[in-house]
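# Geometric and topological summary
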Amino acid sequence: PEHDVGFPFNQRWGLKIWRAAFLYDPETEAVESRGDEWNRGRALVNGPAHCGACHTPRNLAGGREIQSRFTGNRDLPGGSNAPPITAEALEKKEWTVATLAYALESGLTPSGDAFGGSMAEVVREGTRFLTPADREAMALFLLNKDTVEAENPASN
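Reading guide: rules and limits
Residues numbered from 1 in each chain as written. Predicted model: local features only at pLDDT ≥ 70, side-chain atom pairs only at ≥ 80, totals over all residues. Heavy atoms only, no water. Phe/Tyr/Trp six-rings, centres within 6.5 Å; stacked < 30°, edge-to-face > 60°. Helix = DSSP H or I, 4+ residues; strand = E, 2+ residues; numbered from the N terminus. Lys NZ or Arg CZ within 6 Å of the ring centre and 35° of its normal. Salt bridge = Lys/Arg side-chain N within 4 Å of Asp/Glu carboxyl O. Buried < 20%, exposed > 50% of the residue type's maximum accessible area, 1.4 Å probe, protein only. Contact = heavy atoms within 4.5 Å. Polar contact = N/O pair within 3.5 Å; in protein donor to acceptor, adjacent residues only side chain to side chain. Core = buried A, V, L, I, M, F, W, Y, C linked by side-chain atoms within 4.5 Å. Axes fitted to C-alpha atoms, helices over the stretch in contact; angles between N-to-C directions. Parallel < 35°, antiparallel > 145°, perpendicular 65-115°, else oblique. Nonpolar A, V, L, I, M, F, W, Y, C, P; charged D, E, K, R; others polar. Left-handed = near helix turned anticlockwise from the far one by under 90°.

So, on to the packing of aromatic side chains. We describe a pair of aromatic rings using the distance from one ring centre to the other and the angle between the two ring planes. A full pass over the atoms with the stated rule returns three aromatic pairs. Between W95 and F115, the aromatic rings sit 6.4 Å apart at their centres with planes inclined by 25°, giving stacked as the arrangement. With a gap of 20 residues between them, W95 in the loop between helix 4 (87-92) and helix 5 (97-106) and F115 in the loop between helix 5 and helix 6 (117-125) connect regions that are remote in the sequence. Sitting over the face of the ring of W38, R34 holds its NZ or CZ atom 4.2 Å from the ring centroid.

What follows is the structure, given as structure tokens:
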């Protein structure tokens, strides 16, 4: 069927202008001062998993507010929202590398609740198919830990 998007949004040339203003290469290159697992998580989170697409607020033109990356988005299509996934926000909610990696596989949170909405789809159609090492790497990056051992210094 014909789409009912009104002018000027029905003009495809406008997309070139939007891309010039808001499209950028994801930060996936390795950071030399960080470990291999953290860098693998960075590449996955910022690259193919594109977590920032939902968990980063957008401006009036729909471009991501990069300076607020991962701080959450309360204005997703369909009226849903994506919570903040910064290291500070995750730690405040008592996420650990193990619980976050498990949630990316199962969709279950540490409290026994389940991811809903778009995140349930992300797990069902995406992250559950990653290797356990990849899910752990994503959790390490999001929680800003170089190793699982770094998360619990008392056990070292």
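To continue, consider the pattern of salt bridges. Evaluated as defined, the whole model comprises eight salt bridges. Note that E105 and R135 form a salt bridge whose closest N and O atoms lie 3.7 Å from each other. In this pair, E105 is assigned in helix 5 and R135 in helix 7 (residues 132-142), connecting sequence segments 30 residues apart. Since its relative accessible area comes to 38%, E105 is described here as partly exposed.

Another point: helix 2 (residues 36-46). Those residues of helix 2 that fall on the buried side of the exposure criterion are W38, N39, G41, R42, L44, V45 and N46. Those residues of helix 2 that are buried are in contact with helix 7.

Turning our eyes to something else, we now look at the environment of S111. With respect to the secondary-structure elements, S111 resides in the loop between helix 5 and helix 6. Taking the C-alpha atoms as reference, S111 lies 35 Å from L60; in sequence the two are 51 residues apart. A polar contact is formed between the side chain of S111 and the side chain of T109, at a distance of 3.1 Å.

Next up on the list: the nonpolar core. One finds V45, L90, L100 and L142 to be the most contacted residues of the largest nonpolar core, which totals 19 residues. Elements with a minimum of two residues in this core: helix 2, helix 5 and helix 7. With near-sequence residues (within four places) excluded, L142 lies in contact with V45, I85, T86, A87, L90 and L100.

The N-to-C vectors of helix 2 and helix 7 enclose an angle of 90°; their axes lie 7 Å apart at closest approach. One element, helix 2, and the other, helix 7, form an angle in the roughly perpendicular class. Between helix 2, through E37, W38, R40, G41, R42, L44, V45 and N46, and helix 7, the contact on the second element is made entirely by D134, E136, A137, M138, L140, F141 and L142. In terms of residue class, the contact of helix 2 with helix 7 is built from eight nonpolar, two polar and five charged.

Before going further, it helps to spend a moment on the packing of helix 5 against helix 7. Where helix 5 meets helix 7, the axes come as close as 8 Å, and the angle between the chain directions of the two elements is 130°. For the element pair helix 5 / helix 7, the angle class is oblique. Of the two elements, helix 5 crosses helix 7, and the hand of that crossing is right-handed. Residues V97, L100, A101, L104 and E105 of helix 5 lie in contact with helix 7, whose contacting residues are R135, E136, M138, A139, L140 and L142. Split into classes, the residues belonging to the contact of helix 5 with helix 7 amount to eight nonpolar, no polar and three charged.

Turning our attention to the side chain of T86. Inspection of the secondary structure puts T86 in the loop between helix 3 (52-55) and helix 4. Look at T86 and you get buried, because its relative accessible area is 19%. Looking at T86, its side chain comes within polar contact range of the main-chain nitrogen of A89, at 3.1 Å.

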